[in-house]
Amino acid sequence: MKALDLIFAARPMLHLPAWSIFLLTDHFLGGHFEINDMLILMAITLILSGAYYINQLYDYEGDLINNKLGFLQRGLITKSQMKAAFIVVSCLGPGIAFAVEPYLGLLTVVLFFMGYIYSAPPFRLKDRPFWGLWANSAAYGLIIPFLVPGFVARWDEKTLYIPAYFFLAVSAAYLLTIIPDREGDIQSGKVTLAAILPDSYLLLAALLLLYLSLMAAIRMDIMTLALISAVSIVLFLLAAVVRKRNIILFACKVPILLVALLAGIFNPGYLVFLVAVILTTRIYYRQRFGMQYPKLD
């Protein structure tokens, strides 16, 4: 069970946005999923796993207050074991990327560095209002697309708009996801945007970002992405009107699911992989924690 605990402590369900954005970027730029793509996805997965490990190590109290899953709090994994896992995956990820292409290796080092300072002192970007937003948006919306092998070689106008679209969409999602954590963040001394701004400001900003993402999708003439932005706008408006935690979480998660399904349509193997990840995750959390996860609210 220790190996399984370490795998699921890496929060594989939270990797979906990165995997999906990577695959969609590759598809919309006319690429074909090949061995180098697989290796870079492995590198990304390892680095993100390290980021989630370090986050749990430095966010112990906040996770306890917000009633988040506690691998450390429940003693399933010790801090020393999680630190060791962090070191291993954080070395393997860039190592794989450097073997594919040196500039991709450098980008993974940047991704690792951002993941580390996001949670670790003295920077702790996640606890700083605008830096937390920037770190999430830049990591998922900009660095992940640029990590697609051959991205620079395929440079054209569409290449510019694809990371812009994901940067805007991720920014909007981030603004909504921090709302349910407001109370725990304030109690643990974090100064997030949710701690200093009311819901109405966050929701208005998120809607503006989604509108801009919609315009970017239309500019690229990618109607599937435009549809996802339009659906997200409707859901965010619903969240703005109802203002309930389960509706806010639903509005956050549905767009992620839609992006994943779209990536799965273009890459059927990914769709099968997603089903396997979701099923194994549900089984693990039911057996280990006696809870239903993942769910849409």
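For the structure itself, look to the data block above.
Rules used in this analysis
Residues numbered from 1 in each chain as written. Predicted model: local features only at pLDDT ≥ 70, side-chain atom pairs only at ≥ 80, totals over all residues. Heavy atoms only, no water. Helix = DSSP H or I, 4+ residues; strand = E, 2+ residues; numbered from the N terminus. Buried < 20%, exposed > 50% of the residue type's maximum accessible area, 1.4 Å probe, protein only. Polar contact = N/O pair within 3.5 Å; in protein donor to acceptor, adjacent residues only side chain to side chain. Contact = heavy atoms within 4.5 Å. Expected span 1.5 Å × (residues − 1). Arc of directions from axis to C-beta. Axes fitted to C-alpha atoms, helices over the stretch in contact; angles between N-to-C directions. Parallel < 35°, antiparallel > 145°, perpendicular 65-115°, else oblique. Left-handed = near helix turned anticlockwise from the far one by under 90°. Nonpolar A, V, L, I, M, F, W, Y, C, P; charged D, E, K, R; others polar.

Caption draft 1: Molecular detail of the side chain of S137. On the secondary structure map, S137 appears in helix α7 (residues 129-146). Assessed through its relative accessible area of 0%, S137 is described here as buried. Here S171 takes part through its side chain, which lies 2.6 Å from a polar atom of the side chain of S137. If sequence neighbours within four positions are ignored, S137 has contacts with L142, F167, V170 and S171.

Caption draft 2: The arrangement of helix α14 (residues 268-289) in detail. An ideal rise of 1.5 Å per residue puts 32 Å on 22 residues; α14 measures up with 31 Å between its terminal C-alpha atoms. Those residues of α14 that sit buried are Y270, L274, V277, T281, Y284, Y285 and F289. Each buried residue of α14 lies within a common arc of 105° when the element is viewed along its axis, so the set occupies one face. Facing away from the buried side of α14, by more than 90 degrees, are the exposed residues P268, G269, V272 and Q287. Turning to α14, the residues buried within the fold contact α1 (2-9), α2 (16-28) and α13 (245-266). Backbone geometry just downstream of α14 places G290 in the positive-phi region, at approximately 65°.

Caption draft 3: Region of interest: unusual backbone geometry. In this chain, P121 is followed by P122 through a cis amide linkage whose omega measures 5°. Residue position: P122 is located in the loop between α6 (102-119) and α7. The amide bond that connects Y293 to the next residue, P294, takes the cis arrangement and shows omega of 0°. Inspection of the secondary structure puts P294 in the segment after α14. One non-glycine residue with positive phi stands out, namely R124, at about 40°. Structurally, R124 can be placed in the loop between α6 and α7. Not every positive phi belongs to a glycine, and R243 is a case in point at roughly 60°. By the element assignment, R243 lies in the loop between α12 (223-242) and α13.

Caption draft 4: Just the packing of α2 against α7, in detail. For the pair α2 and α7, the least separation of the axes is 9 Å and the interaxial angle reads 45°. Accordingly, the angle class assigned to the pair α2 and α7 is oblique. At the point where α2 passes α7, the crossing takes the right-handed sense. Side by side, α2 and α7 meet where P17, A18, I21, F22 and T25 of the first sit next to Y140, I144 and P145 of the second. Split by residue class, the contact of α2 with α7 holds 7 nonpolar, 1 polar and no charged.

Caption draft 5: Looking closely at α1. Taken together, the buried positions of α1 are D5, F8 and A9. The buried residues of α1 occupy one face: seen down the axis, they fall within an arc of 105°. At its buried positions, α1 is contacted by α3 (35-58), α5 (79-100) and α14. Among the residues trailing α1, R11 stands out with phi positive, at a value near 55°.

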